[in-house]
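Architecture and fold: a report
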Amino acid sequence: MLRWRRKLARNAKWLLATEPGWSVPMPWVFYYQPLYMVALGASEVELGAYMSVSRAVSVAAPFLAVHLAARLGFKKAFLVLDTVANVGYLLLLLTGRRELFGLALALSALYAASGPLWEVLLVEGSDPEAFVALYSIPSVIYTVGSSATPLAGLLLERFGVVEGFRVVAAIALASFAAKTAALAATLVEPRSSPADGGRGLKPALRLAASDRRLLAFLVYSVIASVLFTVPSYLSLYLCDARGARLSVEAAGLVPTVSSAASLAVLALVTLKPPVNRTPYLALSAALGVASSLLYALSPAEPRLAFLAAALSGLRGAEFSVSRAFFMDMLEGFDAAARSQALSLLYTASGVFTIPAPTAVGYLYSVHPTLIWALAASASASQLAIVLWLSRAARIRAS
């Protein structure tokens, strides 16, 4: 048990140690951002349009990471892009100027550039046996942060939505600055040179064209990006008179329920990473269908939102397991090639999900429960893909 701990590289250890600096306060910011923006005059459709702009920026951002890494190295490129994305996003939100919201979300799209570099730094030099744990531990920390969302809710109750959110954003900014300073002093450059990584895209494209399993996984990831848009409206939905009709304080308890379930699942996969990834992914997709239907029914019975949150929380290890599944496909690739392949994954998700936030915002404006019909359909599609991947794996093994 926990044999993977001895198989972590230096960068992985420091990235995990400093992860609370981002993953604890940022869930508070993301959860209450829609309420803050609407309180300052943005409409639901406008909010969706801003997120679509952010998705458009995220399409080109991953390959910006590749080029910047070739000039600066993985470490410096990651620190630069991560700082611009987080500091720019938080500072512009803190101004409270509605006309800057679009720019704030556009800068936040640079997560799509820093993300592939973060993943390369995280896994390079570590044993594949540790991959699920490497991805699940940040998820655990993020879930802990989400479970503390009621603390942020108390600040919003105490100071009001606008001033309370600014306090939360200031806390997140200070925490991120401390994390980044620690990483600047401790991260080291991977052994493979990004300057020699121009060839990395060709193997990734060749693999995508020749391996139907990888193509299926890319579609799975695109759908996951669409699904990720729906929870952006969760805090609005829970407090909406057409939705679950909860108070702001009660709505803050919903992510706590979800987080508790997520922590249990993440602890399980961290202690005993699954060798076969597809059974959990299939279960996760089925739970996605069930939780979406329960959220859709919560206007009739608000307590169903808490059950929906619990089922949704059981999907907490989905990202960790699916990313480990993808990394299994990239076995034998060096750091530069992995960076290109990850950039391809980020870009593919971005290209096909640019209209998703605007579409979700429109559906919400027509009737809030329509966003859960979309989520249920997306989860059902994921389930079909996972079942096909499982069947393909059995055929390859036979």
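Cut-off values and rules
Residues numbered from 1 in each chain as written. Predicted model: local features only at pLDDT ≥ 70, side-chain atom pairs only at ≥ 80, totals over all residues. Heavy atoms only, no water. Helix = DSSP H or I, 4+ residues; strand = E, 2+ residues; numbered from the N terminus. Rg over C-alpha atoms; globule rule 2.2 N^0.38 Å. Buried < 20%, exposed > 50% of the residue type's maximum accessible area, 1.4 Å probe, protein only. Arc of directions from axis to C-beta. Contact = heavy atoms within 4.5 Å. Patch = residues over 30% accessible without salt bridge, like charges linked within 9 Å, V, L, I, M, F, W, Y side chains within 5 Å. Areas by Shrake-Rupley, 256 points an atom, 1.4 Å probe, with all protein chains shown as cover. Salt bridge = Lys/Arg side-chain N within 4 Å of Asp/Glu carboxyl O. Phe/Tyr/Trp six-rings, centres within 6.5 Å; stacked < 30°, edge-to-face > 60°. Lys NZ or Arg CZ within 6 Å of the ring centre and 35° of its normal. Axes fitted to C-alpha atoms, helices over the stretch in contact; angles between N-to-C directions. Parallel < 35°, antiparallel > 145°, perpendicular 65-115°, else oblique. Nonpolar A, V, L, I, M, F, W, Y, C, P; charged D, E, K, R; others polar.

1. Concerning the overall build of the protein chain
Within the protein chain one finds 21 helices and zero strands. Since a compact globule built from 398 residues should have a radius of gyration of about 21 Å, the 20 Å found for the protein chain is in line with a globular shape. Its C-alpha atoms give the protein chain principal-axis dimensions of about 55 × 45 × 40 Å. Counting every position in the protein chain, which comprises 398 residues, the buried fraction comes to 57%.

2. Some points on unusual backbone geometry
Leave glycine aside and you will find that most residues have negative phi; peptide bonds, for their part, are mostly trans. The backbone of Arg245 sits at a positive phi, close to 60°, despite the residue not being glycine. Looking at the element boundaries, Arg245 is found in the loop between helix H13 (234–239) and helix H14 (248–251).

3. Examining helix H9 (residues 149–159)
Along H9, the residues that are buried comprise Thr149, Ala152, Gly153 and Leu156. Down the axis of H9, the sector holding all buried residues measures 105°, keeping them to one side. Away from its buried face, by an angle of more than 90 degrees, H9 presents the exposed residues Leu151 and Arg158. On the buried face of H9, the contacting elements are helix H3 (26–39), helix H8 (131–147), helix H10 (161–186) and helix H15 (254–271). Of the residues one or two after H9, Gly160 is the one with positive phi, at around 95°.

4. Concerning a nonpolar patch on the surface
A contiguous nonpolar patch, built from Leu72, Val80 and Val84 and spanning about 210 Å² of accessible area, is present on the exposed surface. Mapped onto the fold, Val84 is located in helix H5 (residues 74–95). Since its relative accessible area comes to 36%, Val84 is described here as partly exposed.

5. Re the side chain of Thr229
Examined against the element boundaries, Thr229 turns out to sit in helix H12 (residues 212–229). Apart from residues no more than four positions distant in its own chain, Thr229 is found in contact with Arg55, Ala356, Pro357 and Val360.

6. Notes on the packing of aromatic side chains
Under the definition given, this model contains 15 aromatic pairs. Here Tyr237 and Trp372 contribute two aromatic rings whose centre-to-centre distance is 5.6 Å and whose plane-to-plane angle is 75°, an arrangement assigned as edge-to-face. Within this pair, whereas Tyr237 is found in helix H13, its partner Trp372 is found in helix H21 (residues 370–397), the two being separated by 135 residues in sequence. The same class applies to Tyr237 and to Trp372, which are both buried. Ring pairs connect the aromatic residues Trp22, Phe30, Tyr89, Tyr111 and Tyr142, which therefore count as one cluster. One cation-aromatic arrangement involves Arg158 over Phe159; the distance from NZ or CZ to the ring centre is 5.1 Å.

7. Remarks on the packing of helix H1 (residues 10–18) against helix H7 (residues 111–123)
Orientation of H1 relative to H7, taken along the N-to-C sense of each, is 120°, at an axis distance of 6 Å. With respect to each other, H1 and H7 are oriented oblique. For the pair H1 and H7, the contacting residues are Asn11, Ala12, Leu15 and Leu16 in the first and Trp118, Leu121 and Leu122 in the second. Counted by class, the contact of H1 with H7 contains six nonpolar, one polar and no charged residues.

8. Here's the deal with the pattern of salt bridges
Scanning the model with the defined rule gives eight salt bridges in all. For Glu46, the salt bridge identified is with Arg98, shortest N-O distance 2.6 Å. Taken as a pair, Glu46 in helix H4 (residues 44–72) and Arg98 in the loop between H5 and helix H6 (101–108) lie far apart in primary sequence, 52 residues in all. Classification of Glu46 by relative accessible area gives buried; the value is 16%. Across the pair Glu99 and Arg97 runs a salt bridge whose closest N-O atoms are separated by 3.0 Å. For Glu99, a relative accessible area of 55% puts it in the exposed group.

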